[in-house]
Amino acid sequence: QTGANDLQTKADRLVQMSICASLARKFPKVTIIGEEELSTDEVNEELIEDGHCEEILKKPCPAQYSGIKEEELVIWVDPLDGTKEYTEGLLDHVTVLIGIAYGGKAIAGVINQPYYNYEAGANAALGRTIWGVLGIGAFGFQLTEAPAGKHIVVTTRSHSSALVNDCISALNPDTVIRVGGAGNKIIQLIEGKASAYVFASPGCKKWDTCAPEAILHAVGGKITDMHGNSFQYNKEVKHMNSAGVLATLRNYDYYASRIPNTVKQSLVP
């Protein structure tokens, strides 16, 4: 088993090193919190990305963010979300997540799917980047509503438990989709493949939800813990989302009202 784990950690570390070092060089005053513990050794210059996207710079900065100071931002980085699926070759589950928080709230996010289209043949463009900013919108995908009247729940593939399954049963879904990665699950919502993302377990972390939350909120969706509390992303906050995750693009109240009290009592914020 160590083979797969070594592979995963190397990929995780290199990606995080690249993202964090590149951001820190350009924005030295921001706080960057990543999933991996990294050594403070000099970073190989090949890992530094210093380009930027002209298309994004053409967008106007939302007025509420025009006065932000660099040191007030916290960036949450998950270099490889869906690690278990990555090691098993389920490459479409894998995302790279970069979330930006201000005042404890997720305000912007990037979900990169490096292997998007990997099964579509040699001529297909591999990979895509979905990004969003509150007050501007979200881009890089086609916003689609889930089928009306259908309750399609997306949940964990590799972190199931009795509590997770009891919670889903209580929602009486038409279909349950099990996939890896929090980023991938939010993509299921915004592309209309699922109507709710339900995870009644403490396993998810702030770097899993920050970027997806910003993108979901930018298109009018909602994400909370199982008690309906919103997530806080200031740098002092604990990393674990210990009261689970409930997210929808539409009809949040329908799902929230059906979460059993036994589930809520088991998950302490």
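Residues numbered from 1 in each chain as written. Predicted model: local features only at pLDDT ≥ 70, side-chain atom pairs only at ≥ 80, totals over all residues. Heavy atoms only, no water.

As a measure of interface size, the accessible area lost when the parts come together is often cited. Domain boundaries in the chain define domain 1 (10–139) and domain 2 (152–266). Put simply, the middle of domain 1 and the middle of domain 2, counted by C-alpha atoms, are 21 Å apart. The interface is formed by 39 residues belonging to domain 1 together with 31 residues belonging to domain 2. Its largest share of buried area at the contact with domain 2, domain 1 owes to Trp 76, His 93 and Ala 106, together 23% of the area lost on that side. At the surface where domain 1 touches domain 2, the tally comes to three salt bridges. Across the pair Glu 85 and Arg 157 runs a salt bridge, and its minimum N-O distance is 2.8 Å. Seen at the junction of domain 1 and domain 2, the total is ten residue pairs in polar contact (both at pLDDT 80 or more). Secondary-structure elements contributing two or more residues to the side of domain 1 that touches domain 2 are β1 (31–34), β2 (73–81), α3 (83–87), β3 (95–102), β4 (105–113), β5 (128–133) and β6 (137–139). Broken down by element, the residue count for the side of domain 1 that touches domain 2 peaks at eight residues, all from β4. (Domains from an automatic or database assignment. Contact = heavy atoms within 4.5 Å. Buried area = accessible area lost by both parts, 1.4 Å probe. Salt bridge = Lys/Arg side-chain N within 4 Å of Asp/Glu carboxyl O. Polar contact = N/O pair within 3.5 Å; in protein donor to acceptor, adjacent residues only side chain to side chain. Helix = DSSP H or I, 4+ residues; strand = E, 2+ residues; numbered from the N terminus.)

Relative to the helices and strands, Gln 113 is located in strand β4. Here the side chain of Gln 113 touches Arg 128 through a polar contact of 2.7 Å, side chain to side chain. Dropping the residues within four chain positions of it, Gln 113 is found in contact with Asp 92, Val 94, Thr 95, Gly 127, Arg 128, Asn 184 and Ile 187.

Quick look at the sheet that holds β2 now. Taken in spatial order, the six strands of this open sheet run β1-β2-β3-β4-β5-β6, and their pairing is mixed. Across the chains shown, the open sheet's two edge strands, defined by having one partner strand only, are β1 and β6. Sheet twist, expressed as the mean angle between neighbouring strand axes with direction ignored, is 15°. As paired elements, β3 and β4 share seven bridges and run antiparallel to each other. Looking across to β4, one finds that Leu 97 is bridged to Ile 111. (Pairing = 2+ DSSP bridges. Axes fitted to C-alpha atoms, helices over the stretch in contact; angles between N-to-C directions.)

Applying the stated criterion across every chain yields a total of seven salt bridges. Note that Arg 25 and Glu 45 form a salt bridge whose closest N and O atoms lie 2.9 Å from each other. Remark: Glu 45 occurs in the loop between β1 and α2 (54–57) and Arg 25 occurs in helix α1 (residues 2–26); sequence separation between them is 20 residues. For Arg 25, a relative accessible area of 49% puts it in the partly exposed group. (Buried < 20%, exposed > 50% of the residue type's maximum accessible area, 1.4 Å probe, protein only.)

Once that is clear, we can look at the UniProt feature "binding site: Mg(2+)" (unreviewed entry) in the chain. UniProt's feature table lists "binding site: Mg(2+)" (unreviewed entry) at Glu 35, Asp 78, Leu 80, Asp 81 and Asp 208, given in the numbering used throughout. A maximum C-alpha distance of 9.7 Å among these annotated residues, which run over 174 residues, shows that they cluster at one spot. By secondary structure assignment, the location of Glu 35 is in the loop between β1 and α2. Assessed through its relative accessible area of 31%, Glu 35 is described here as partly exposed. Dropping the residues within four chain positions of it, Glu 35 is found in contact with Gln 16, Val 77, Asp 78, Pro 79, Leu 80 and Trp 207. Mapped onto the secondary structure, Leu 80 falls in strand β2. Filtering out sequence-adjacent residues up to four positions away, Leu 80 remains in contact with Ala 11, Asp 12, Glu 35, Tyr 86, Val 94 and Thr 95. (UniProt positions renumbered as here; feature names shortened; annotations may be inferred.)

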